[in-house]
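# A closer look at the structure
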Amino acid sequence: MKELVEVIAKALVDNPDEVVVTQTEEGSELIVELKVAPSDMGKVIGRQGRIAKAIRSVVKAASTKIDKKVTVEIIE
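Now for a quick tour of the structure. (Residues numbered from 1 in each chain as written. Predicted model: local features only at pLDDT ≥ 70, side-chain atom pairs only at ≥ 80, totals over all residues. Heavy atoms only, no water.)

Take unusual backbone geometry next. The phi dihedral of Q48 is positive, around 55°, even though this residue is not glycine. Of note, the phi angle at D67 is positive, near 55°, even though the residue is not glycine. For D67, the position within the fold is in the loop between α3 (50-62) and β3 (69-75). Since its relative accessible area comes to 68%, D67 is described here as exposed. (Helix = DSSP H or I, 4+ residues; strand = E, 2+ residues; numbered from the N terminus. Buried < 20%, exposed > 50% of the residue type's maximum accessible area, 1.4 Å probe, protein only.)

Written out as structure tokens, the structure reads:
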């Protein structure tokens, strides 16, 4: 899941070198944290959160293969 979020985020932002994705596992849940440059935050979140919601939807669809709940958090 980490790689999927990283590929999507790097395609959206102006500074792909500043994209940092970390993944932690707590029981049957995966938490994927996404950090981008402050100037790219709006591009990742999108108008009214539409881009962030789309990223979470894609990750949720991909997580059905691993049978774990995946949470995507965008960190400022």
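It is worth spelling out the sheet that holds strand β1 (residues 20-26) at this point. The sheet built from three strands is open, its strands ordered β1-β2-β3 with mixed pairing. Edge positions in the sheet fall to β1 and β3, since each of these pairs with one other strand and no more. Taken over all neighbouring pairs, the strand axes of this sheet differ in orientation by 20° on average, direction set aside. Here strand β2 (residues 29-35) pairs with β3 via seven bridges, running parallel. Opposite K35, over in β3, you have I75 as the bridge partner. Sheet strands touched by helix α1 (residues 2-12): β1, β2 and β3. Its angle to β1, the strand with the most contacts, is close to 155°. (Pairing = 2+ DSSP bridges. Axes fitted to C-alpha atoms, helices over the stretch in contact; angles between N-to-C directions. Contact = heavy atoms within 4.5 Å.)

For the rest of this paragraph, the subject is the side chain of D40. You can see D40 is positioned in the loop between β2 and α2 (41-45). The class for D40 is buried, based on a relative accessible area of 1%. Discounting residues that sit within four places of it in the chain, D40 has contacts with V13, D14 and N15.

Let us now look at the environment of A54. Relative to the elements of secondary structure, A54 occurs in helix α3. Judged by relative accessible area, which is 40%, A54 ranks as partly exposed. Expressed as a C-alpha distance, the spacing of A54 and T24, which sit 30 residues apart in the sequence, is 21 Å.

The next point concerns the pairing of β2. As paired strands, β1 and β2 are joined by seven bridges and run antiparallel to one another. Pairing of T24 across the sheet is with I31, part of β2. Counting the residues that bridge the hairpin from β1 to β2 gives two residues, and of these G27 lies at a positive phi of roughly 65°.

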